[in-house]
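For reference, the chains in residue letters:
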Amino acid sequence: MSALPASDEARELLVANLRDWVRRRVLPVAREYELRDEYPAELVQDMRDLGLFGAVIDPANGGAGLSYEAYVAAVEEVSRGWMTLAGVFNSHLILSHIVERFGSDEQRARFLPGLTSGEAQGALALTEPGAGSDVQAIATTARRDGDVYVLNGQKQFITNGRRARYVAVLARTDPAAQPPHRGMAVLIVERGTPGFSVGRDFEKLGYRGIETSELFFDDCAVPADNLVGGEGRGFQQVMAGLELGRLNVAARGVGLARAAYEDALAYAQERHTFGVPIAEHQAIQMKLADMSVAIEAARLLTQRAARLKDAGQRVDLEAGQAKLFATEAAQLCALEGLRIHGGAGYMQDLPVERYLRDAPLLIVGEGTNEVQRLVIARRLREPARGEG
């Protein structure tokens with residue numbers, strides 16, 4: 001594996017290398033992959049070779065040891081080319097992060113080498129037909145029976161669900177626990193385990209080129225050795241993992257917004273109406289100005305959350321703020337970019353319409369923005385850090 005640079009000093013080199021890769025390898029083929037809704041196997045192999053599947057995992061565990069601040073810069077560059085690609089390693093890294101932080105030495109040795117190299121892909125299974133943003137409402141159960149847990153339930157909207165070798169499944173080990181989150185655990189389920197099956201792949205408005213699947217567990221016997229960190233701790237483990245996921249989604253929002261803005265700026269300087277480039281018209285200038293401000297603010301919020309996580313701090317507030325603002329900025333820029341392009345932006349000849357289809361996923365994924373607002377408000381009401 002060719003590891004990514006880990007030091008902050010190497011960040012600009014990392015960004016430059018990824019920008020070059022996006023230009024050479026992603027932009028020429030993204031449209032065709034996306035329109036066919038085809039998994040971009042060759043680009044995924046490139047990302048394995050670049051070390052993205054082990055980006056933030058410690059080199060001692062086979063990862064690249066990238067700082068979170070450098071990681072969000074990497075995600076932004078990848079998403080500037082095609083937002084779907086950053087989703088391929090998002091859930092994967094959440095699983096890896098949970099194993100690295102909460103797993104046993106034996107679990108780290110067993111799971112992380114394949115995950116960090118990208119040889120084995122990972123997925124995170126939270127959402128169910130009756131439980132989305134309200135994670136505590138999950139109905140999937142895991143009952144201890146000797147040296148196995150018997151897993152029963154259904155998960156849906158699972159990124160990498162069809163291709164993952166390992167799936168981190170949040171389940172109830174104590175359905176009577178109060179509050180409910182105290183009765184949950186994370187189990188690593190391996191593909192091919194009897195009783196584990198993949199159902200249909202959902203057809204989506206955007207975020208195409210990657211399967212989003214439903215998973216079924218029917219008396220699925222999972223070795224007790226695959227329980228991460230003990231019973232009753234799953235909810236906290238997943239929430240810690242989602243801090244990383246929200247950094248990824250925020251950075252994806254910045255990358256998508258930047259793509260929409262840069263395409264719109266270039267078009268506005270080339271397209272002429274009434275004898276001048278449309279960039280000379282005040283209405284277009286105002287749109288471009290608003291887009292640029294939104295992108296810069298979103299990037300700063302995302303970088304701030306990443307720096308705090310690098311410092312070892314809890315960042316559910318800051319990651320939530322970044323995710324909320326950056327994804328709304330992506331939606332704004334995608335729509336304004338289409339307006340600047342006019343009719344040309346509505347056609348599939350240009351990626352403009354793709355940005356508008358991809359942006360809503362960021363608003364509702366990794367916790368809806370309505371839930372982000374509630375999380376932010378709740379955290380703001382807590383005592384200030386350092387008090388008491």
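Residues numbered from 1 in each chain as written. Predicted model: local features only at pLDDT ≥ 70, side-chain atom pairs only at ≥ 80, totals over all residues. Heavy atoms only, no water.

### Some points on the packing of aromatic side chains
- Under the definition given, this model contains five aromatic pairs.
- Seen from their ring centres, F111 and Y166 are 4.9 Å apart, and the 75 degrees between their planes marks the pair as edge-to-face. Of this pair, F111 sits in helix α7 (residues 105-117) while Y166 sits in strand β4 (residues 166-172), and the two are 55 residues apart along the sequence.
- Its relative accessible area of 1% is what places F111 among the buried residues.
- Y166 sits in the buried class, given a relative accessible area of 7%.
- Just above the ring of F53 sits the side chain of R48; from NZ or CZ to the centre is 5.7 Å. (Phe/Tyr/Trp six-rings, centres within 6.5 Å; stacked < 30°, edge-to-face > 60°. Helix = DSSP H or I, 4+ residues; strand = E, 2+ residues; numbered from the N terminus. Buried < 20%, exposed > 50% of the residue type's maximum accessible area, 1.4 Å probe, protein only. Lys NZ or Arg CZ within 6 Å of the ring centre and 35° of its normal.)

### Description of the pattern of salt bridges
- Taken as a whole, this structure holds 33 salt bridges when the rule is applied.
- Here E38 and R36 are joined by a salt bridge, their closest N and O atoms 2.6 Å apart.
- We classify R36 as partly exposed; its relative accessible area is 48%.
- A salt bridge links E336 to K287; its shortest N-O distance comes to 3.2 Å. A residue pair is termed long-range when its members are at least 10 positions apart, and E336 in helix α10 (residues 316-341) and K287 in helix α9 (residues 282-310) qualify at 49 residues.
- Assessed through its relative accessible area of 21%, K287 is described here as partly exposed. (Salt bridge = Lys/Arg side-chain N within 4 Å of Asp/Glu carboxyl O.)

### Some words on the side chain of Q237
- Examined against the element boundaries, Q237 turns out to sit in helix α8 (residues 234-270).
- Only 3.0 Å separates the side chain of Q237 from the backbone oxygen of V228, close enough to count as a polar contact. (Polar contact = N/O pair within 3.5 Å; in protein donor to acceptor, adjacent residues only side chain to side chain.)

### A short note on the layout of surface pockets
- Volume-wise, the second largest pocket comes out at about 210 Å³.
- L27, R31, P351, R354 and Y355 are, among the 15 residues lining the second largest pocket, the residues nearest its centre.
- Mapped onto the lining of the second largest pocket, the elements with two or more residues apiece are α2 (30-36), α4 (68-81) and α12 (352-364).
- Across the lining of the second largest pocket, the residue classes tally to six nonpolar, two polar and seven charged. (1 Å grid on protein atoms, 1.4 Å probe; cavity = no way out; pocket = protein on both sides within 12 Å on 5 of 7 lines; lining within 4 Å. Points joined across faces, edges and corners; volume = space filled by probe spheres on them. Nonpolar A, V, L, I, M, F, W, Y, C, P; charged D, E, K, R; others polar.)

### Concerning the nonpolar core
- Among the nonpolar cores identified, the biggest contains 70 residues, and W21, M47, Y71 and F89 are the most heavily contacted of them.
- In terms of residue count, the dominant contributor to this core is α8 (14 residues).
- Ignoring any residue separated from it by four or fewer positions in sequence, one finds W21 in contact with V26, L43, D46, M47, L50, V78 and L85.
- Judged by nonpolar contacts, the second largest core, of 23 residues, contains L126, A168, M184 and L242. (Core = buried A, V, L, I, M, F, W, Y, C linked by side-chain atoms within 4.5 Å. Contact = heavy atoms within 4.5 Å.)

### Comments concerning unusual backbone geometry
- Residue P179 follows Q178 across a cis peptide bond; omega there is -10 degrees.
- The backbone of F157 shows a phi angle near 60 degrees, a positive value even though the residue is not glycine.
- Inspection of the secondary structure assignment puts F157 in strand β3 (residues 148-159).
- Looking at F157, the relative accessible area reads 46%, which means it is partly exposed.

### A few points about α8
- With 37 residues, α8 extends 54 Å between its outermost C-alpha atoms, agreeing within 8% with the 54 Å of an ideal straight helix rising 1.5 Å per residue.
- Of all 37 residues making up α8, 30 are buried, and the element is well covered by its neighbours. (Expected span 1.5 Å × (residues − 1).)

### Section: the packing of helix α6 (residues 90-102) against α8
- Between α6 and α8, whose axes approach to 9 Å, the crossing angle comes to 145 degrees. For the pair α6 and α8, the crossing hand works out as right-handed. The residues of α8 that touch α6, namely those facing N90, L93, I94, H97, I98, R101 and F102, are Q237, V238, A240, G241, L242, L244, G245, N248, V249 and R252.
- Classifying every residue of the contact of α6 with α8 by side-chain character gives nine nonpolar, six polar and two charged. (Axes fitted to C-alpha atoms, helices over the stretch in contact; angles between N-to-C directions. Left-handed = near helix turned anticlockwise from the far one by under 90°.)

### A closer look at empty space enclosed by the protein
- By the definition in use, this model includes one cavity of 30 Å³ or more.
- Considering only enclosed or pocket space, the largest cavity measures out at about 50 Å³ in volume.
- Listing elements by their share of the lining of the largest cavity, those giving two or more residues are α4, α8 and α9.
- Classifying every residue of the lining of the largest cavity by side-chain character gives four nonpolar, two polar and three charged.

### Observations concerning the environment of A137
- By the secondary structure assignment, A137 is in the loop between β1 (122-125) and β2 (141-145).
- Overall, the relative accessible area of 32% leaves A137 in the partly exposed class.
- Placed 10 residues apart in sequence, A137 and T127 show a C-alpha to C-alpha distance of 9.6 Å.
- If near-sequence neighbours (up to four positions away) are discounted, A137 is found in contact with G130, A131 and R172.

### Notes on the pairing of β2
- Where β2 meets β3, five bridges bridge the pair, whose relative direction is antiparallel. Looking at β3, one finds that T141 is bridged to N152.
- Where β2 folds back on β3, the antiparallel hairpin that results is connected by two residues, among which G146 adopts a positive phi of roughly 70 degrees. (Pairing = 2+ DSSP bridges.)

Read these as layout, nothing more, since geometry by itself doesn't imply function.
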